Amino acid sequence: AQSVSQHNHHVILSEAASLELGCNYSYGGTVNLFWYVQYPGQHLQLLLKYFSGDPLVKGIKGFEAEFIKSKFSFNLRKPSVQWSDTAEYFCAVVSDRDDKIIFGKGTRLHILP
Amino acid sequence: EAGVTQFPSHSVIEKGQTVTLRCDPISGHDNLYWYRRVMGKEIKFLLHFVKESKQDESGMPNNRFLAERTGGTYSTLKVQPAELEDSGVYFCASSQVIRPDTQYFGPGTRLTVL
């Protein structure tokens, strides 16, 4: 069965620190990969996605993620975080078998001002 | 363009009662999905409509849950009778047929069963 594993459940950083959130998935076939973000009081929104091509994808607000097929990983990065990045981040996959999104458990990110 | 909307935003009911959640997808999106997040767990797929037809309902927990999408526009998810373990946040998402995995989410309905 497909699954997504996020390495960190809760991360606390100071402003300007660098961020890397780990994500691994298990599925033997072709996948599309996503990071979603949920800011406090807001709904889930797409941060970035990978379908094919360049494995380094850039999203909104300075975020990027790298797909490493051999490691089944899709880690999210940002070189310098801001207080406004405080949110919950979800890694997700959609397989070539169907349209349903398989989510990780989420990582709560707190940025200290 | 309006996004996906859900009603109500919160619902508190007692065990054994019935609750109906509503989702209005983005206009023109034929795909409509329901997901649920139970506290402390991951967001899990419940079911998928294409227009008014159920494409995949493999994630529905049991027969106390009934989803409908009459006319292929808005959808309702009814829980009858509600149990304590049904508490959680119910998300709806919609997408276009040509790009089904780019799904746009609603704000969710937080259901609390006492």
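Refer to the preceding data block for the structure.
Residues numbered from 1 in each chain as written. Chains lettered and ligands numbered in written order. Predicted model: local features only at pLDDT ≥ 70, side-chain atom pairs only at ≥ 80, totals over all residues. Heavy atoms only, no water.

**Q** Help me understand the overall build of chain A in this model?
**A** Scanning chain A for helices and strands turns up zero helices and twelve strands. For chain A, the succession of helices and strands along the chain, N to C, is β-β-β-β-β-β-β-β-β-β-β-β. Here the C-alpha radius of gyration of chain A, 13 Å, is about what a compact globule of 113 residues would show, namely 13 Å. In chain A, which comprises 113 residues, the proportion classed as buried is 50%. With an accessible surface of roughly 5,500 Å², chain A has 52% of that area assigned to carbon and sulfur atoms. Between the averaged position of the 11 positive side-chain charges in chain A and that of its 10 negative side-chain charges there is a distance of 3 Å. (Helix = DSSP H or I, 4+ residues; strand = E, 2+ residues; numbered from the N terminus. Rg over C-alpha atoms; globule rule 2.2 N^0.38 Å. Buried < 20%, exposed > 50% of the residue type's maximum accessible area, 1.4 Å probe, protein only. Areas by Shrake-Rupley, 256 points an atom, 1.4 Å probe, with all protein chains shown as cover. Lys, Arg positive; Asp, Glu negative; His and termini not counted. Charge placed at Lys NZ, Arg CZ, Asp CG, Glu CD.)

**Q** Where do I start with the state of the cysteines in this structure?
**A** Disulfides are covalent bonds that link the sulfur atoms of two cysteine residues. All names here are of chain A. One pass over the structure, following the stated rule, counts two disulfides over all chains. What pairs with Cys-23 in a disulfide is Cys-91, and their sulfur atoms sit 1.9 Å apart. Because the sign of the S-S torsion sets the handedness, a value of about -70° for the bond joining Cys-23 and Cys-91 places this disulfide among the left-handed ones. Residue Cys-23 is found in strand β4 (residues 23-26), and its partner Cys-91 is found in strand β10 (residues 87-95); the two are separated by 68 residues along the sequence. (Disulfide = S-S within 2.5 Å.)

**Q** I would appreciate a short explanation of the interface of chain A and chain B in the present structure.
**A** The parts lose accessible area when they come together, and the size of an interface is often stated as this lost area. If you look at the interface, chain A gives 18 residues, while chain B gives 20 residues. Between chain A and chain B the total buried area reaches about 1,600 Å² when both faces are included, carbon and sulfur atoms providing 57% of it. For chain A, the biggest contributors to the area lost against chain B are Asp99(A), Lys100(A) and Phe103(A); these three give 32% of the whole. Inspection of the chain A/chain B interface yields two salt bridges. Elements with a minimum of two residues in the side of chain A that touches chain B: β5 (31-38), β6 (45-50) and β10 of chain A. Counting residues per element, the side of chain A that touches chain B draws most heavily on β5(A), at four residues. Its residues placed into classes, the side of chain A that touches chain B shows nine nonpolar, four polar and five charged. (Contact = heavy atoms within 4.5 Å. Buried area = accessible area lost by both parts, 1.4 Å probe. Salt bridge = Lys/Arg side-chain N within 4 Å of Asp/Glu carboxyl O. Nonpolar A, V, L, I, M, F, W, Y, C, P; charged D, E, K, R; others polar.)

**Q** Is there a simple way to think about the sheet that holds strand β3 (residues 19-24) of chain B in this case?
**A** Whenever strands of a sheet pair, they do so through backbone hydrogen bonds, lying parallel or antiparallel. All names here are of chain B. With antiparallel pairing, the four strands of this open sheet are ordered in space as β1-β3-β8-β7. In the strand order of this sheet, the two ends are held by β1 (5-7) and β7 (65-68), each with one partner. Adjacent strand axes in the sheet meet at a mean angle of 15° when their direction is disregarded. Pairing of β1 with β3, which is carried by three bridges, proceeds in the antiparallel orientation. Following the sheet pairing, Phe-7 is matched in β3 by Arg-22. (Pairing = 2+ DSSP bridges. Axes fitted to C-alpha atoms, helices over the stretch in contact; angles between N-to-C directions.)

**Q** Got a minute to help me understand the side chain of Asn31(B) in this structure?
**A** All names here are of chain B. Relative to the elements of secondary structure, Asn-31 occurs in strand β4 (residues 31-37). For Asn-31, a relative accessible area of 3% translates into the label buried. A distance of 2.9 Å separates the side chain of Asn-31 from the side chain of His-48, its partner in a polar contact. Here Gln-96 takes part through its backbone oxygen, which lies 3.3 Å from a polar atom of the side chain of Asn-31. Discounting chain neighbours no more than four positions away, the residues touching Asn-31 are His-48, Phe-49, Val-50, Arg-69, Ala-93, Ser-94, Ser-95, Gln-96, Val-97 and Pro-100. (Polar contact = N/O pair within 3.5 Å; in protein donor to acceptor, adjacent residues only side chain to side chain.)

**Q** Please clarify how the environment of Ala87(A) should be interpreted in this entry.
**A** Residues and elements named next belong to chain A. Here Ala-87 shows up in strand β10. Between the C-alpha atom of Ala-87 and that of His-110, which follows or precedes it by 23 residues, the distance is 6.9 Å. Among residues more than four places away in sequence, those in contact with Ala-87 are Val-37, Gln-38, Tyr-39, Pro-40, Thr-107, Arg-108 and Leu-109.

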